Amino acid sequence: MGRAFEYRKATKMKRWGHMAKTFTRLGKQIAIAVKASGPDPDTNPTLRSIIATCKRENMPKDNIERAIKNAMGKDQSDYKEVTYEGYGPHGIAVFVDTLTDNTTRTVADVRSVFNKFSGNMGTTGSLSFLFDHKCVFTFKKKDDIDMDDLILELIDLNVDDEFDENYDEDKDETTISIYGDPKSYSQIQHLLEEKGFEEIGGEFTYIPNDLKEVNEEQRATIDKMVEKLEEFDDVQTVYTNMKPAEE
């Protein structure tokens with residue numbers, strides 16, 4: 001099995017925070033997509049993909065429609081995607097993805113947490129060698145399409161040859177997650193839609209390529225740092241190269 005698959009399976013793509021935090025994060029992503037290419041998901045593939053992710057996260061339809069409407073308002077702030085990186089306690093690498101309308105505020109908030117936990121923030125790109133940047137697409141499995149054959153087609157678009165398959169008992173459905181080069185995001189989405197897949201949720205993630213062992217006490221400290229970072233509204237997702245706890 002591939003490294004991305006194993007890491008995602010081990011962590012279950014754990015998000016630190018509650019449902020309200022997830023809705024806030026998705027609302028900002030909707031705002032960026034609408035401002036970039038308009039409010040119609042039929043002509044805005046990025047927005048279409050984000051809406052699919054919203055549905056998978058059980059975000060109410062009213063919330064989605066409100067986020068789109070708000071993004072069209074003239075008074076809405078322009079969000080920027082900014083990633084901060086550095087070392088946390090015990091030499092653990094930390095990536096902090098943010099969507100912010102005030103980088104001065106955001107960098108101060110993020111730095112305060114690094115300082116509190118005796119960490120050190122680095123310059124942008126200084127720790128990129130420790131992580132692989134990936135796009136991730138999740139969609140419902142189709143019984144009439146062989147996934148191995150599909151992956152062979154997608155390899156030309158720099159998609160990994162491993163995929164994640166999960167069965168949801170509550171929804172009685174199986175979903176597939178595939179990983180690829182972020183630069184191929186639009187092409188991958190287009191091919192999946194051509195194959196008849198619907199509600200294709202896409203997002204970006206960082207997969208650590210060198211997992212670091214920690215003991216229980218160290219893990220607790222790092223978990224607290226991540227939780228503090230996730231308390232800020234500007235913070236979208238926090239990634240570390242800490243080895244996932246064994247179940």
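Use the structure listed above.
What you see as residue numbers is a count from 1 along each chain, following the sequence as written. For a predicted model such as this one, the threshold for reporting local features is a pLDDT of at least 70, and the threshold for listing and counting side-chain atom pairs is 80 or more; totals across whole chains, interfaces and linings nevertheless cover every residue. For side-chain calculations, the full set of non-hydrogen atoms in the structure is used, while hydrogens and water are omitted.

Asker: I would appreciate a short explanation of the nonpolar core in the present structure.
Answerer: A general trend in soluble globular proteins is that nonpolar side chains are found buried together. The biggest cluster of nonpolar side chains holds 19 residues, and the ones touching the most others in it are Phe 137, Phe 139, Leu 154, Ile 178, Ile 188 and Leu 192. Counting residues per element, the ones that place at least two in this core are β4 (131-140), α6 (147-154), β5 (159-168), β6 (173-180) and α7 (185-194). Here, residues are in contact when the closest pair of their heavy atoms is within 4.5 Å. With residues near it in sequence (within four places) discarded, Phe 139 still touches Arg 56, Met 147, Thr 174, Thr 175, Ile 176, Ile 178, Leu 192, Phe 197, Glu 198, Glu 199 and Ile 200. Within this scheme, the nonpolar core is defined by two criteria: the residues are buried Ala, Val, Leu, Ile, Met, Phe, Trp, Tyr or Cys, and they are joined through side-chain atoms within 4.5 Å. The rule is simple: take the accessible area with a 1.4 Å probe, protein chains only, and divide by the maximum for that residue type; under 20% is buried, over 50% is exposed, in between is partly exposed. Counting residues in hydrophobic clusters, the runner-up holds 16 residues, among them Val 96, Val 214, Ile 222 and Val 226. Helix and strand assignments come from DSSP, with helices taken as H or I runs of at least 4 residues and strands as E runs of at least 2, each series counted from the N terminus.

Asker: So what exactly am I meant to see when it comes to the environment of Glu 198 here?
Answerer: Along the chain, Glu 198 turns up in the loop between α7 and β7 (201-208). With a relative accessible area of 62%, Glu 198 lands in the exposed category. Note: C-alpha distance between Glu 198 and Lys 141 (57 residues apart in sequence) is 9.7 Å.

Asker: Honestly, the environment of Thr 24 in this entry has me stumped. Any pointers?
Answerer: Considering the arrangement of structural elements, one finds Thr 24 in helix α2 (residues 19-37). Taking C-alpha positions, Thr 24 is 7.6 Å from Asp 233, a pair spaced 209 residues apart along the chain.

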